[in-house]
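Here is what each chain is made of, one letter per residue.
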Amino acid sequence: KMQKSSAGVAVVATMEKSTGALWRLFQVDDPGMPGLHFLDILEPSIGNIIRAGVDNAPTVQRVTFRMRKGGVVDLPSSCM
């Protein structure tokens, strides 16, 4: 089960591609940080998770992408 957080934004899970087309979901124990959006915790929270799992990952993450506001992804409670 996920713990409640008083932080505004927290990393709760990561997904890792394994063999073939299989993906694995891992729960992350992150205390969270103040913020309203995942970009608010890009560094250091998300950056540290990326650097822990990816050899030669950059010391600072810089991202650009398009996204639609209001998009939601539902995860079944059984996966946590």
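Our subject is the structure listed above.
Along each chain, numbering runs from 1 in the same order as the chain's sequence is written. Per-residue local features are limited, in this predicted model, to residues with pLDDT of at least 70; the limit for side-chain atom pairs, both in listing and counting, is 80 or more; totals at the level of whole chains, interfaces and linings are taken over all residues. For side-chain calculations, the full set of non-hydrogen atoms in the structure is used, while hydrogens and water are omitted.

Caption draft 1: Highlighting the overall build of the protein. Each helix is a run of DSSP H or I of at least 4 residues and each strand a run of E of at least 2, with the numbering of both proceeding from the N terminus. Per the secondary structure count, the protein includes one helix and two strands. Per-residue burial for the protein yields a buried fraction of 15% across its 80 residues. Here a residue-residue contact requires only that any non-hydrogen atoms of the pair lie within 4.5 Å. By sequence separation, contacts in the protein at least 24 residues apart represent 41% of the contacts at least 6 residues apart. About 6900 Å² of surface is accessible on the protein, with carbon and sulfur atoms providing 55% of the total. The rule is simple: take the accessible area with a 1.4 Å probe, protein chains only, and divide by the maximum for that residue type; under 20% is buried, over 50% is exposed, in between is partly exposed. Areas reported as accessible are Shrake-Rupley estimates using a 1.4 Å probe. Residue values count occlusion only from the protein chains shown.

Caption draft 2: Looking closely at the nonpolar core. If you look at the biggest cluster of nonpolar residues, it comprises six residues: Val 9, Val 11, Val 28, Ile 41, Leu 42 and Ile 46. The contacts of Ile 41, once residues within four sequence positions are left out, are Val 9, Ala 10, Val 11, Met 33 and Ile 46. Only buried residues count toward a nonpolar core. Its members are Ala, Val, Leu, Ile, Met, Phe, Trp, Tyr and Cys residues joined through side-chain atoms within 4.5 Å.

Caption draft 3: Quick peek at the side chain of Ser 45. By secondary structure assignment, the location of Ser 45 is in helix α1 (residues 42–53). When sequence neighbours within four positions are dropped, the list of residues in contact with Ser 45 reads Val 11, Asp 30 and Met 33.

Caption draft 4: Main features of the pattern of salt bridges. When a carboxyl oxygen of Asp or Glu is within 4 Å of a side-chain nitrogen of Lys or Arg, the pair counts as a salt bridge. Counted by the stated rule, this structure contains two salt bridges. Here Glu 16 and Arg 24 are joined by a salt bridge, their closest N and O atoms 3.9 Å apart. When its relative accessible area of 40% is taken as the criterion, Arg 24 is described as partly exposed. Arg 51 is the salt-bridge partner of Glu 43, the closest N and O atoms lying 2.9 Å from each other. The exposure class of Arg 51 is partly exposed, given its relative accessible area of 25%.

Caption draft 5: Geometry of a nonpolar patch on the surface. Residues enter a patch when their relative accessible area is above 30% and they make no salt bridge; the linking distance is 9 Å between like charges and 5 Å between nonpolar side chains (Val, Leu, Ile, Met, Phe, Trp, Tyr). A contiguous nonpolar patch, built from Phe 38, Leu 39 and Val 63 and spanning about 230 Å² of accessible area, is present on the exposed surface. Considering the arrangement of structural elements, one finds Leu 39 in the loop between β2 (23–27) and α1.

Caption draft 6: Highlighting the side chain of Asp 30. Along the chain, Asp 30 falls in the loop between β2 and α1. His is not counted, nor are the chain ends; Lys and Arg add positive charge and Asp and Glu add negative charge. Although Asp 30 is buried, it forms no salt bridge, and the closest oppositely charged side chain is Arg 51 at an N-O distance of 11 Å. Throughout this description, a polar contact denotes any pair of N or O atoms lying within 3.5 Å of each other; where both atoms belong to protein, one of them has to be capable of donating a hydrogen while the other can accept it, and for residues adjacent in sequence the pair is counted only when both atoms sit in side chains. One polar contact links the side chain of Asp 30 to the main-chain amide nitrogen of Val 11, over a distance of 3.1 Å. Beyond its immediate chain neighbours, meaning those up to four positions away, Asp 30 contacts Ala 10, Val 11 and Ser 45.

Without other data, these values stay purely geometric and don't point to any function.
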